[in-house]
Amino acid sequence: QVQLVESGGGLVEPGGSLRLSCTASGFSLKTYVMGWYRQAPGSERELVAALTNAGAGVTYADSVKGRFTVFRDKDNAKNTVYLQMNNLQPADTAVYYCRSGPGYRSWGQGTPVTVSS
């Protein structure tokens, strides 16, 4: 069964950092394109970062460039992709989702991130 599970969200002050995890089961994340998305209240879901299946290509939304980094766990032993988020701002408040798998059809349940003082 194909499944994605995100974790690592929480409440952080502006300027703080969080690391989100997306762990897959039923398939290998290194085989498929993987994307991190977010959806703020009242807004559409948007792409934050994407990692190609070969890991050689990475794309970031302009709003997070220089602050967010997407990467795989070493040797893909945990079948997990991470989103390191630094210098978080209130505008980054959203539920964060990962997406991957055959046909790029599988989504995780989301993990909420709140940036507030």
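Residue numbers run consecutively from 1 along every chain, following the written order of its sequence. Only residues with pLDDT of at least 70 are given local features in this predicted model, and only at 80 or more are side-chain atom pairs given and counted; all residues enter the totals for whole chains, interfaces and linings. Calculation of side-chain values draws on the structure's entire complement of heavy atoms; hydrogens and water are dropped beforehand.

Undergrad: For the pairing of strand 3 (residues 18-25), give the residues involved together with the corresponding values.
TA: Put simply, side chains in a regular strand alternate between the two faces of the sheet. For two strands to be treated as a pair, DSSP must find no fewer than two bridges joining them. Numbering of helices and strands runs from the N terminus; a helix is a DSSP stretch of H or I covering at least four residues, while a strand is a stretch of E covering at least two. Examined bridge by bridge, strand 1 (residues 3-7) and strand 3 share five bridges and lie antiparallel to one another. Looking across to strand 3, one finds that Q3 is bridged to S25. Both strand 3 and strand 8 (residues 80-85) contribute to a ladder of six bridges, which runs antiparallel. Within strand 8, the position partnered with S21 by the bridge is Y82.

Undergrad: I'd like a rundown of the state of the cysteines, residues and numbers included.
TA: Criterion for a disulfide: a pair of cysteine sulfur atoms within 2.5 Å. Following the criterion strictly, the structure yields one disulfide and no others. Each disulfide pairs two cysteine sulfurs, and for C22 the partner residue is C98, the sulfurs being separated by 2.1 Å. Of note, the bridge from C22 to C98 carries an S-S torsion of about 70 degrees and is right-handed in sense. A residue pair is termed long-range when its members are at least 10 positions apart, and C22 in strand 3 and C98 in strand 9 (residues 94-100) qualify at 76 residues. Across the pair, exposure class does not vary: C22 and C98 are buried alike. Three labels apply to residues, based on accessible area from a 1.4 Å probe with only protein chains included: buried if under 20% of the type maximum, exposed if over 50%, partly exposed otherwise in between.

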